[in-house]
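# A closer look at the structure
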Amino acid sequence: MSETNTSLLDEVVQWSQETCRQKVKSVLPKLTSLHHESESWDDNIRILKIITDMFLPHIGLSDLEEECFSKILPKAVTVFDGMIKEILDQVGGLSSQNSELCSLLRNILQALIQIIDALSSCVRHVGTFEEAPELDAIRSLPTYILKILRETFQHCKDSEVVYCGRLSLVADLLQGLFKEAYSLQKSLLELLDRISLTSRASDEEVSDIVTVIHSLLDICLIISNLDIALHANTWKFLIKQSLKHQSLVEERLRHGDIINRLCDNLLASFHSCVELTEQIKQAGLQETTQSPEYKLFQKTAKMCRFFANTMVHYIKEFKFFLTKYCSCFHQVYLKIVSKFPPSISAPTLPSALSEELNAAAQVPMEALLLQLLPLRPFAEVVLQEDLQLSPELQLPQCLLLVKVLDQLMSQPEDVAQLWYSGSQFSEDSPRLPLYKALFTSFRRCHTERQLPVLLPGVMMKGQAQVLVTLHQHVCVRLSASVAALPPPYFSVLERCLLEAVLQPDTQTALLATDVWSFAARYGTAELCLHHVLFIAQLVKACTAECYQSVHLGLLLKRMVFFMTPAHQMELVERFPPSENENLRVWQNVLPRALAQDVRHRVETDIFGLTQKVLTNWQNGGHKLGEVDKLNPVLLSLLVVIRGQTSPDGQCVSSATTIVTQLWLRMIPQQVQVHPVLQCSLQLLLSISSVVVKNMEHQVILQALLCVDSVLSHGCSEVQVVLAALDFLSSLGKIFVPSESQSQILPKLSSLFGLLLSHKSWLIHQHALEAFSLFAEFTNHEGVISQSLCEDDTKTKVVNYLSKTVNAQEDMDARLQRLKAESAVIEQHNAKLESRKETDSNKQSCDAEAGAEPWPKRARQEAGTEEAYSRYIQTAESALKALQALMERKASSGTTPPPPPPPQWLESRLQELQHLVTHISAAGHAT
C-alpha cells in the first residue's frame, strides 16, 4: 500500500463519529476502492473494519447496497477464501515444535474471525432501521455472508481431518470462529425474516430469496453433525421462507434436494435414536433420566420428531411438486415402521424409551400417509405388482396397506377409486387393486405368520385389548372394509377374493376364505346363494386334487352354513348328489351344515349312488381299471359318515356293509403297485375308523393284514399312513373277543411299534397322538406294553405323554430356520403358479390324486406273469377270508349258537373246485 493510502488510513482512524458522518460521502468511495485494490490480507481486513465500524453507521438504508455492500463484500469473500486455502496448504507442517507456522495459522484464524465480526456489524446496522428493508436494498449482504458461513462451517466440520492430531494447537480459535459464525447466521436469519416480498416483487428479488433458501440447504448438509440447535433452526427458517413466499418460489425451488435431505435427516436421527436406546438398555441406564446418554437420546428424538413433522408439512404444501419422490416417501415409511414391533427386525426396548421413539417417528407416519393417499404416483408405487422389498420390509408393507384400507373409509370418492380399482387403462402405470396387493403382501409375510408376530386387537366393550396374530389383525380390518365398501367396488373385491383363493399359499387362501365368509354373512341370502353356486361350479370343474380344488372346497364348506334351507335345496337341485359328476361338490359339504330335509336327501342320494357304483364294479368282475370310478363315491361316503351322530343308524350300517365288501377285495400286493388302490385303501381306512364298532372282527383282521403288508414294504404315501394311524387309534374303542385276540392284538402291537419308530417326524408325531388315543380308551393293555419293546420308542412315548420338551430352539435359530423355509415355500408356490395346464401335468395331478394310469397298460398285456399273480392273489385272499369265517363259527361258544352256513355254500364250493381243475388242465395243455 502506498504511503498516501497509509496516511489516509492513519488519519481516518483518528476521526470522531461526527467527522466520519460529515465526510462519509467523500471518503467512503476512496476506502471502498482501496479495499478492492489492496492485495494484502492485513490491509484488506483493516480497511474493512474501518468501513464497518466508522462509516457504515452513517449510511442510509437506500445507499447501503450501492455505496457499500456491493463494493466491499465480494472482496471480503475473496480474502476469506484465500485464507482458508492458505491454511489447507500450510497445515501439513503444523506441530508444537514449529512455532512460526503455528503462529501463522493462528493469525489467519484470528483474521477470519475479524472478517466475520465485520460482517456481523453490517447485519446489525441494517437491523437498526425501524422499517423492514427491501431485499433489493441489501441484496449482496445475504448472498456473500452465506458463502462465508458455508466455508466456515465446512472448515470447522473438517477440522479433525485437516489438523490431523494437531487440533489442540488451534482448538480455541476454531471454537471462537464457530461461535462468531453461529452468531452471524442467527442475526442474518432474523434480518431476513423481516423481509417480505409482495406479488409485485421483481424477478431478481425472487431469484435472491430462492438463492438464500438453496444456500441454507447446502449449509444444513454441512452442519448436520455439528450442532443440533443450529441445524434445527436453519431448517426451520428454510421451510418458513419457502412457505412464506410459496406462490413466488414454488416453481423455482429444488424440491427434490429439499425433500431428499429431509428424508435423509429423518432416517439418520431415527437410526441414531435406535442405537442410543440399545446402548442405554445395555448399560442399564433406562431408569436414569439424568444420564448424558438419556439426555442425548431425548435431543435426538426431538430432532427426529422435528424432521418427521417438517416433512409432513412440506409435503402438504408442495405435494404437486413432489410426486416423483413418492418412492422415497414409501421407503421412509417402511424403514421407520420396520424398527417397531411387531417387525422381527425391531429391537426390544424399555417401554419408556419405546413410547418416546414411537411418538417421535411412528406417530408422524400416520399424518404422512394421510398427505400421500390422494397422490396417484404414491398409489402406483405402493400397489405395483412386481414390488421388490427386502424381507424386513415385507411386514411393514402389509401393515401400510392395512392402514390405507382403514383410511379409505373417510376419503373422497376419487381417492377411493384410485386405490380400490387398480389401473383401468393400458396407458396407466400398472397398479394392483388394493385388496389384491394386500393379499399378495400377506402371502410374502411367511416368517411373521409362522412365529407368529402379534399385533393389538380390536378394543371391545368390557374386555381388555389383547394381542392377535397377523392373520386375525388383517382379517378384522378387511372385514370392516368390506362392510363399508361402496357398491361399485364389490366386483373388484370378488375378483380379488377369488384370485387369492386360487393361489397356492394355503394361509392366504384361508384369509380370503374368512373374508369371503364374512361377506356372505353380511350380505343378502341371494348374494350368498349366487356365490355358492359359482364356487360349486368351480369345484365341479376341477379335474384333479390340486391345491385350487382344496382351497375352493374349504370355501364351499364354509359358505353352505350361511345358506337358507330353501337355497340349500336349490343347490341340491342344481348339483344332484345322485349324479357322479357332482360328487366333487358334495365331498366338500358337511352334512351338519344342511337343514334336516336337505341333509336326508343328500345322504340318501350319496348312499344310493355308492351302492350303484359298487354293484356295477362287482358285476363287472372287480376290474382294476374301474376302481377310479369307485374312489370318488367312497370319498363322498366318508363325508356323510363323519357327520353321523348315532353309531347305530341306518347310514352307519349301510356303510359298514360296503366297507366289509371292499376289504375282502383289497390285495396288499396290488396296493403296493397301483396308486389308485392306495387311494382306495386310504378311504377305506378312514371310513373304517368311523364305523369300526360295527365291523366284524375278521374284517378288522383283514384290514390289519393289508395295512401291515403295505407298510412293511415301505409305502411312501403319507396320506395312507396317516389314515392307517387313525384306524389304529379307533381300535381302542372296541373290545376284541378272546378267540380273535391272538390274531388281532399282536398285529396291532406290531403296527404301532413300526410307526412309533418311523423316521419321518410327521408320521412319528401322528403315531404318538394315535397311540395315546388308543391307550386312553383300550381295554387291551397288553398291546401298549408290547408296542413299546424298544427302549428308545418307550422313552419317546413317555416324553410325549408327560409333555416333555427335549430341546428348546432359541429365537435366533428359529428365525433363521423360518427364513430358510420361507424361501423354499415361496419358490415352490411360484413353481405351482407358473405350471401350464398341459396334458402331462394333468396326468401328474391325476396320479397324485389317486387316479390309475398303470393298470390300463397292464390289462393290455394279457397272459403276463403279473396278471396271473394278481388274479391268484385275489382268489387266495377271498378263500382265506371264507375259511376264517367258517372256523370262527365252528369254534364259537356263544349262546345261542350262531346260524349254520347257508345250504348253497357246499354246492358253490364244488363248482369252484371244478373251475380250479379246469384251469389247471388248461394250463397243462398250453
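Positions within a chain are numbered from 1, following the residues in the order the chain's sequence is written. Thresholds applied to this predicted model are a pLDDT of at least 70 for local features of residues and 80 or more for the giving and counting of side-chain atom pairs; totals over whole chains, interfaces and linings are not thresholded and use all residues. Hydrogens and waters are ignored; side-chain quantities use all the structure's heavy atoms.

Let us now look at the overall build of the protein. Secondary structure summary: the protein contains 43 helices and two strands in total. Taken over the C-alpha trace, the protein has a radius of gyration of 44 Å; the compact-globule value for 926 residues is 29 Å, which it surpasses by more than 25%. Once the C-alpha set of the protein is aligned to its principal axes, its extents read approximately 155 × 65 × 65 Å. Type-normalised accessible area, obtained with a 1.4 Å probe on protein chains alone, sets the label of each residue: buried when under 20%, exposed when over 50%, and partly exposed for intermediate values. Relative to its 926 residues, the protein shows a buried fraction of 48%. A run of H or I in DSSP becomes a helix once it reaches four residues, and a run of E becomes a strand once it reaches two; helices and strands are each numbered from the N terminus. Throughout, radius of gyration means the C-alpha value; the globule benchmark is 2.2 Å times the number of residues raised to the power 0.38.

Right, let's get into the side chain of histidine 531. Mapped onto the secondary structure, histidine 531 falls in helix α24 (residues 525-541). Note on histidine 531: relative accessible area 3%, which makes it buried. If we skip the residues at most four places from it in the chain, histidine 531 touches Phe490, Glu494, Trp516 and Met559. Two residues form a contact once any of their heavy atoms are found within 4.5 Å.

So, about the packing of helix α15 (residues 351-372) against helix α17 (residues 394-408). Where α15 contacts α17, the two axes come as close as 11 Å, and the packing angle between them is 65°. You can see that α15 and α17 cross each other, and the crossing is right-handed. Taken together, the residues of α17 that come into contact with α15 (itself represented by Glu366, Leu369 and Leu370) are Leu400, Lys403, Val404 and Gln407. Polarity classes work like this: nonpolar for Ala, Val, Leu, Ile, Met, Phe, Trp, Tyr, Cys and Pro, charged for Asp, Glu, Lys and Arg, and polar for all others, with Gly in that last group. Residue composition of the contact of α15 with α17, grouped by class: four nonpolar, one polar and two charged. Orientation is described by lines fitted to C-alpha atoms, with helices fitted over the stretch in contact, and by angles between N-to-C directions that extend from 0 to 180 degrees. Left-handed describes a crossing whose near helix is turned anticlockwise from the far helix by less than a right angle; the clockwise case is right-handed.

Each residue after the first adds 1.5 Å to the expected span of a helix. Taking 1.5 Å per residue, twelve residues should reach 16 Å; helix α14 (residues 326-337) reaches 17 Å between its end C-alpha atoms and fits that length. The complete set of buried residues in α14 reads Cys326, Phe329, His330, Val332, Tyr333, Leu334, Ile336 and Val337. Where α14 is buried, its residues touch α12 (255-283), α13 (292-318), α15, α16 (376-382) and α17.

The criterion for an aromatic pair is that two Phe, Tyr or Trp rings (for Trp, the six-membered ring) have centres within 6.5 Å, with stacked assigned to planes under 30 degrees apart, edge-to-face to planes over 60 apart and tilted to the rest. Applying the stated criterion to the full structure yields 14 aromatic pairs. Pairing tryptophan 15 with phenylalanine 55 gives two aromatic rings, centres 6.3 Å apart and planes at 70°, and the pair type is edge-to-face. With tryptophan 15 in the loop between α1 (3-12) and α2 (17-37) and phenylalanine 55 in helix α3 (residues 41-55), this residue pair connects regions lying 40 residues apart in the sequence. Among the residues examined, phenylalanine 55 registers a relative accessible area of 0% and is labelled buried. An aromatic cluster of at least three residues, connected via ring pairs, comprises Phe153, Phe178 and Tyr182. Geometrically, a lysine NZ or arginine CZ counts as sitting over a ring once it is within 6 Å of the ring centre and also within 35 degrees of the ring normal. The aromatic ring of phenylalanine 442 is capped on one face by arginine 449, whose charged end is 5.0 Å from the ring centroid.

Moving on, we come to a nonpolar patch on the surface. Residues forming no salt bridge and having over 30% relative accessible area are the ones grouped into patches, like charges within 9 Å of each other and nonpolar side chains (Val, Leu, Ile, Met, Phe, Trp, Tyr) within 5 Å. Where accessible areas are quoted, they stem from the Shrake-Rupley method and a 1.4 Å probe; at the residue level, only the protein chains shown are allowed to cover. Throughout this description, the term salt bridge denotes a Lys or Arg side-chain nitrogen within 4 Å of a carboxyl oxygen of Asp or Glu. Together, Leu879, Leu909, Leu912, Leu915 and Ile919 make up an exposed nonpolar region whose accessible area comes to about 450 Å². It is helix α43 (residues 904-925) that provides the largest number of residues to the nonpolar patch, a total of four residues. Relative to the assigned elements, leucine 915 resides in helix α43.

A few words now on the pattern of salt bridges. The final tally for this structure, using the stated rule, is 28 salt bridges. Across the pair glutamate 833 and arginine 443 runs a salt bridge whose closest N-O atoms are separated by 2.9 Å. Separated by 390 residues along the polypeptide, glutamate 833 in helix α39 (residues 811-834) and arginine 443 in helix α19 (residues 434-444) bring together distant segments of the chain. Glutamate 833 sits in the partly exposed class, given a relative accessible area of 41%.

The next thing to look at is the packing of helix α34 (residues 718-730) against helix α35 (residues 738-756). Following both chains from N to C, one finds α34 and α35 inclined at 135°, their axes separated by 11 Å at the closest point. Relative to α35, the element α34 is oriented oblique. Relative to α35, the crossing made by α34 is left-handed. Between α34, through Val721, Leu725, Leu728 and Ser729, and α35, the contact on the second element is made entirely by Leu748, Leu751, Phe752 and Leu755. Considering only residue class, the contact of α34 with α35 consists of seven nonpolar, one polar and no charged. By the definition adopted for this analysis, an angle is roughly parallel if under 35 degrees, roughly antiparallel if over 145, roughly perpendicular if from 65 to 115, and oblique otherwise.

Here the bond from proline 341 into proline 342 is cis, since omega is 10°, no more than 30 degrees from zero. With respect to the helices and strands, the residue proline 342 is situated in the loop between α14 and α15. With an omega of -10°, the peptide bond running from leucine 451 to proline 452 counts as cis. In this model, histidine 622 sits at a positive phi of 50°, which is unusual for a non-glycine residue. Within the secondary structure, histidine 622 is located in the loop between α28 (596-619) and α29 (627-642). Positive phi, close to 55°, is recorded for lysine 803, a residue that is not glycine. Within the secondary structure, lysine 803 is located in the loop between α38 (791-801) and α39. Residue lysine 803 is classed as exposed on the basis of its relative accessible area of 73%.

With that out of the way, let us pick up α2. A rise of 1.5 Å per residue sets the reference length of α2, with its 21 residues, at 30 Å; its end C-alpha atoms lie only 26 Å apart and thus fall more than 12% short of the reference. The angle between axes fitted to the seven residues ending at a residue and the seven residues starting there is what we call the bend at that residue. Of all the bends in α2, the largest measures some 80° and sits at valine 24. Residues Cys20, Val24, Val27, Leu28, Leu31, Thr32, Leu34 and His35 constitute the buried set of α2.

Turning next to the nonpolar core. What tends to happen in soluble globular proteins is that the nonpolar side chains get buried as a cluster. Ranked by internal contacts, the top residues of the largest apolar core, which has 292 residues, are Phe55, Trp419 and Trp663. Looking at this core element by element, the count peaks at 15 residues for helix α5 (residues 99-127). In contact with phenylalanine 55, other than residues within four places in its own chain, are Val12, Trp15, Cys20, Lys23, Val24, Val27, Leu28, Leu31 and Ile50. To qualify as a nonpolar core, a set must consist of buried Ala, Val, Leu, Ile, Met, Phe, Trp, Tyr and Cys residues joined through side-chain atoms within 4.5 Å.

Below, the discussion takes up the confidence of the model for the protein. Note: predicted coordinates in regions of low pLDDT should not be interpreted at a detailed level. Overall, the prediction assigns the protein a mean pLDDT of 88, with 92% of residues at 70 or greater. The model gives residues 836-863 a pLDDT under 50, and that stretch makes 30 contacts with residues more than four places away or in other chains. Along the chain, pLDDT gives the predictor's confidence residue by residue, from 0 to 100.

Attention shifts here to the side chain of glutamine 397. With respect to the element layout, glutamine 397 can be found in helix α17. Apart from residues no more than four positions distant in its own chain, glutamine 397 is found in contact with His330, Leu334, Val382, Leu387, Leu389 and Ser441.

Whether a set of points on the 1 Å grid over the protein atoms alone is a cavity depends on a 1.4 Å probe fitting there but being unable to get out, while an open set qualifies as a pocket with protein on both sides within 12 Å along at least five of seven lines; lining residues are those with an atom within 4 Å of a point. Grid points are joined across faces, edges and corners, and a volume is the space filled by probe spheres set on the points. Applying the stated criterion across every chain, the model contains three cavities of 30 Å³ or more. Considering only enclosed or pocket space, the largest cavity measures out at about 80 Å³ in volume. For the lining of the largest cavity, the secondary structure elements donating two or more residues are α17 and α19. Looking at the lining of the largest cavity residue by residue, the class counts come to six nonpolar, five polar and two charged.

What follows concerns the environment of methionine 311. Looking at where methionine 311 falls in the secondary structure, it is placed in helix α13. You can call methionine 311 buried: its relative accessible area is 0%. The spacing of methionine 311 and isoleucine 239 is 72 residues in sequence and 9.6 Å in space, taken between C-alpha atoms. In contact with methionine 311, other than residues within four places in its own chain, are Ile259, Leu262, Cys263, Leu266, Val332 and Leu368.

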